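Listed here are the chains, written in short residue letters.
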Amino acid sequence: MSPETTAPRSLAEALRARDDASLSALLRSRPDLITPVPTDLTQLATRAGTRASVVRALERLDRFTLQTAEALAVAREPATYDELLGLLAGDDCDPAVTAAFPHALGTLREQALLWGADDRLRLVRTARELLAPSPQHPSPTGLGPTVGEATAGMSPGRIQEIVAAAGLASTHDSVSAVTSLSGLFTDRSRMSALLDEAPAEAVGVLSRLVWGPPYGQVTAEPAAHLRWLIGRGLLLPTAPGTVVLPREVALHLRAGRAHRVTEPVAPAVEAATTHRPQTVDAAAAGQAYTTLATVEELLKDWHEGGPAVLRAGGLSVRDLKRTAVALDVPEPVAAFWVELAYAAGLVASDGEAEERYAATPAYDTWLELPASERWARLASAWLSATRTSGLVGGRDAKDRTLSALGPGLDRSAAPEVRHRVLALLAELPEGASPDTDSLLARLYWERPSRSVRPAPDELRARLARWTLSESELLGVTGRGALSAQGRALLGLPATADAKAAEPSGPGDKLPAHKRHRPVTAPVPHSPAERAAAATRAAGLLAPLLPEPLDHVLLQADLTAVAPGPLERPLADTLGVLADVESKGGATVYRFTPASVRRALDAGRSASDLHAFLAAHSRTPVPQPLAYLIDDMARRHGHLRIGAASAYVRCDDEAVLNEILADKRSQEFALRRIAPTVLVAQTDPASLLTGLRTMGFAPAAESTEGDVLISRAHAHRTPPRTAPEPVPDGPPVPDATLLGAAVRAIRAGDLASTAPRKDDPAAGRPGNGGLPRTSSAETLATMQAAVMTGEAVWIGYVNAEGSASQRVIAPIRVEGGFVTAYDHTADEVRTYPLHRVTGVAELADDQP
């Protein structure tokens, strides 16, 4: 008979009846089943029932589908469609549950967690063991054991006493007595009549146990109302001093519901505030510019070599604090920027003996990109990174502190949560920011915990909160709402107007069977898809970023105001000549003697600095600034320091006299060896720094007497690749792999299930192990099959010694080889005859 007319007797038979599209959907939703590719459908069914695979599949069910599985775990086996629906919808037949139930049932069947026709529904054994109630592992339903399970160790006499006390006729055996008692508890009218006779205190006890946990403690001499319940089997003893509420009694008290609250419809994400989309995009673009400036500032601070790498890896607490001060941000935010640069491949360890963090060569390439493309690179790296900066400062399993850039920060669920949070923001009206509590409720419905009481700070909730704050820092969102470039980064349309059939108010609601399904955004998986999404996001952001300016506004108080972002050469030179005093919409630079001396030390002359300021200032160069530059240039290099241990020389003897008279110079042990020369018992660098601290402006000189120009040395690591995300299980297979896997499984199943002719005397098993025949028999059977065009079943051992069975249709036999169409591989192959263990003919009714 065909699979369509025969009820499957196992999960393997149910899978065998599926079409290729259904098998592909199973392997796509549970990619662990395809690693490695199963040899046939029996092996696929076995792998689908393993504990690790079932746990992984259950963790990816939405709330209502998981509730459906939990209800099936407490239903009788096998259950019917109506019985399972009754456990979810209750006696009042909740219409929302009724509408959503077919989709939940289809999901369980598609993922091979459930099999059988609608009149014989079965949960796979492992799933039932995980979800069924037990004293050690209470069910999320709060139900206890059935009457049959609770009375399994009870004496026949005691069972008969309970039956008699419940008003039932006595029976001749315990099995019929338990059946009679179960029938009473499942009969709504008779149970109602029995409970009407119960004392008020007894009803109170039942109400406390009805929603779980179903176990209670009793004394050796229970009260009268407890004796009434125990005597009639409404409470059954499970251990000395412990009683349990039977499942059938609880379901009657619950009006047939397996769960206290059934959630067939996904909770809606509510909008907290709404802004104009243009305002959102502008705010996000402003933050995107801040992102670029902050990352550049971070790497500029580490330009000559950043903090040392801890022995265990990562930044020390002190270095993170120092970085936070340099960036003028809190430490958690500093950790985010450091991890972002690391995820984008812009910073890494230099790998030297005294290991330090530094910019990578990729940073120099990144700097040459347009601003919008630089931002897209950072945003894409953040979206797919598994490293989670929010964990910095916490503790690992061994109670060690987690440090920025250190080990232990990878969380494989992070990319999926980030994508899902942003996709839920995309479902809101444009410009709307979400209510955080409703967003977390939606995420929990889509991926609920299987524990009875999930922890309020579970990882997915923390990841969602971190996503909201990090996306705002990064400029993916603006004022809490998803920006246009954020939508593009997800691969979504630029606006949400194309969103179809989305409820907009109480009068515009979708049917429940459509509303309960989570809407998912297309997640770019391949590098090409991610690159295309990043390019589109950069294109949308580019017009919103301010154009770099080639000028500043000099002011009489020795400051310069940059009314916007500056061109890089101007910003770099100004960063040497002046100190940044404040940031924001306009950056304020302050000129000081130390900053001007820094520019002179870098090789700039006074005339160079005057020309630079005149060329790039929209206002006249203030006289105080010109005087400052001239004064510092006049004093710069007036003193010369070299190696003696160190010496100071100056044409002006009065200046040297002033140094010797200053008490602060005593630590250098200076003495005069000539009218214009002093020597010191310290190194030149320390003497140079000390005299600058005293208010002088000395310059270092070489052994030839030339002024040494000090320029910042850019320290770079060897070429480094960005850290690879830690995968959350096997990768989702693409269409090509799925097609090949389904063909291989089908062909292997054909080889393992094809009927064979029984001939034990000739060594040809029917559906047993590999066939074993002599070389002469193998050759004769192959040659006969070539002439008749029939397929045969062979055992084959490859060069590695791995045995397999195949169904082949021989085409040619010559030179010790057989060329045949291999149904297992779905292609023509050639096999050495000496590796064929045996051959058997297929049954006559096999096509």
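J.: Hey, could you go over the overall build of the protein for me, with residue numbers and the actual values?
T.: Secondary structure summary: the protein contains 34 helices and 25 strands in total. Looking at the protein as a whole, 46% of its 847 residues are labelled buried. In the protein, the share of contacts with a sequence separation of at least 24, taken over all contacts with a separation of at least 6, comes to 66%. With an accessible surface of roughly 40,100 Å², the protein has 54% of that area assigned to carbon and sulfur atoms.

J.: An account of the packing of aromatic side chains is requested, with residue identities and associated values reported.
T.: Scanning the model with the defined rule gives five aromatic pairs in all. Ring geometry for Tyr-81 and Phe-101: centres 4.9 Å apart, planes at 75 degrees, overall edge-to-face. Of this pair, Tyr-81 sits in helix 6 (residues 81–89) while Phe-101 is found in helix 7 (residues 95–110), placing the two residues 20 residues apart along the sequence. Residue classification places Phe-101 among the buried positions, given a relative accessible area of 0%. For the cation-ring pair, Arg-374 lies above Trp-366, with the distance from its terminal atom to the ring centre recorded as 5.5 Å.

J.: A description of the confidence of the model for the protein should follow, citing residues and the corresponding values.
T.: Mean pLDDT over the protein works out to 84, with 89% of the residues at or above the 70 mark. Contacts for the low-pLDDT stretch residues 496–522, under 50 throughout, to residues beyond four places or in other chains number 47 contacts.

J.: Outline helix 22 (residues 436–446), supporting the account with residue identities and numerical values.
T.: Along helix 22, the residues classified as buried are Ser-438, Leu-439, Leu-440, Arg-442, Leu-443, Trp-445 and Glu-446. Against helix 5 (63–74), helix 21 (414–427) and helix 23 (459–474) lie the buried residues of helix 22.

J.: Could you give me a rundown of the sheet that holds strand 4 (residues 236–239), with the residues and numbers involved?
T.: Ordered in space as 3-5-4, the three strands form an open sheet in which the pairing is antiparallel. The sheet terminates laterally at strand 3 (215–217) and strand 4, the two strands that pair on one side only. Put simply, the sheet's adjacent strands are angled 40 degrees from each other on average, direction ignored. Pairing geometry for strand 3 and strand 5 (residues 242–244), over three bridges, is antiparallel. For Gly-216, the partnering residue across the bridge sits in strand 5 and is Val-243.

J.: Please give an account of the side chain of Arg-387 that cites residues and values.
T.: With respect to the secondary-structure elements, Arg-387 resides in the loop between helix 20 (371–384) and helix 21. Of the residues examined, Arg-387 reaches a relative accessible area of 13% and is grouped as buried. If near-sequence neighbours (up to four positions away) are discounted, Arg-387 is found in contact with Glu-339, Tyr-342, Leu-405, Gly-406, Leu-409, Asp-410 and Arg-418.

J.: Go over the sheet that holds strand 13 (residues 559–562), please, and point to the residues and values.
T.: Taken in spatial order, the four strands line up as 12-13-15-14 in an open sheet, and their pairing is antiparallel. Two strands close off the open sheet at either side, each with one partner strand: strand 12 (553–555) and strand 14 (579–582). Strand-to-strand twist across the sheet, computed as the mean angle between neighbouring axes with direction ignored, equals 30 degrees. Summarising the sheet, strand 13 and strand 15 (residues 587–590) pair through four bridges and their orientation is antiparallel. Its bridge partner lying in strand 15, Ala-560 is registered against Tyr-589.

J.: Could you give an account of the side chain of Thr-386, naming the residues involved and the relevant values?
T.: Here Thr-386 shows up in the loop between helix 20 and helix 21. You can call Thr-386 buried: its relative accessible area is 2%. Polar side-chain contacts of Thr-386 include one of 2.6 Å to the side chain of Asp-410. Here Val-726 takes part through its backbone nitrogen, which lies 3.0 Å from a polar atom of the side chain of Thr-386.

J.: Would you mind going over the pattern of salt bridges in detail, with residue names and values included?
T.: Under the definition given, this model contains 34 salt bridges. The salt bridge partner of Asp-20 is Arg-746, with a shortest N-O separation of 2.9 Å. Within this pair, whereas Asp-20 is found in helix 2 (residues 20–29), its partner Arg-746 is found in helix 33 (residues 735–753), the two being separated by 726 residues in sequence. A relative accessible area of 42% places Asp-20 in the partly exposed class. For the salt bridge of Asp-187 with Arg-190, the shortest nitrogen-to-oxygen distance reads 3.4 Å. Using a relative accessible area of 26% as the deciding quantity, one classes Asp-187 as partly exposed. Relative accessible area serves as the criterion here: at 37%, Arg-190 is assigned to the partly exposed category.

J.: Let's hear about the pairing of strand 4: which residues, and what values?
T.: Regular strands have side chains that alternate between both faces of the sheet. Sheet topology note: the strand 4/strand 5 ladder contains three bridges and is antiparallel. When the sheet's bridge partners are listed, Pro-237 is paired in strand 5 with Val-243. Between the end of strand 4 and the start of strand 5, which pair antiparallel, lie two residues, with Gly-241 showing a positive phi angle near 85 degrees.

J.: Provide a residue-level description of unusual backbone geometry, including the pertinent values.
T.: Of note, the bond from Thr-35 into Pro-36 is cis; its omega dihedral lies within 30 degrees of zero at -10 degrees. Relative to the elements of secondary structure, Pro-36 occurs in the loop between helix 2 and helix 3 (41–48). Backbone torsion omega between Glu-77 and Pro-78 reads -5 degrees, so that peptide bond is classified as cis. Tracing the sequence through the fold places Pro-78 in the loop between helix 5 and helix 6. One non-glycine residue, Leu-558, adopts positive backbone phi at about 65 degrees. Its place among the elements puts Leu-558 in the loop between strand 12 and strand 13.

J.: Help me get a handle on the environment of Gly-305, residues and values and all.
T.: Looking at the element boundaries, Gly-305 is found in the loop between helix 16 (277–301) and helix 17 (317–327). For the pair formed by Gly-305 and Ala-359, sequence separation is 54 residues and the distance between their alpha carbons is 7.9 Å. Contact partners of Gly-305, with chain neighbours within four places excluded, come to Arg-356, Tyr-357 and His-715.

So, how was this worked out
- Residues numbered from 1 in each chain as written.
- Predicted model: local features only at pLDDT ≥ 70, side-chain atom pairs only at ≥ 80, totals over all residues.
- Heavy atoms only, no water.
- Helix = DSSP H or I, 4+ residues; strand = E, 2+ residues; numbered from the N terminus.
- Buried < 20%, exposed > 50% of the residue type's maximum accessible area, 1.4 Å probe, protein only.
- Contact = heavy atoms within 4.5 Å.
- Areas by Shrake-Rupley, 256 points an atom, 1.4 Å probe, with all protein chains shown as cover.
- Phe/Tyr/Trp six-rings, centres within 6.5 Å; stacked < 30°, edge-to-face > 60°.
- Lys NZ or Arg CZ within 6 Å of the ring centre and 35° of its normal.
- pLDDT = per-residue confidence, 0-100.
- Pairing = 2+ DSSP bridges.
- Axes fitted to C-alpha atoms, helices over the stretch in contact; angles between N-to-C directions.
- Polar contact = N/O pair within 3.5 Å; in protein donor to acceptor, adjacent residues only side chain to side chain.
- Salt bridge = Lys/Arg side-chain N within 4 Å of Asp/Glu carboxyl O.

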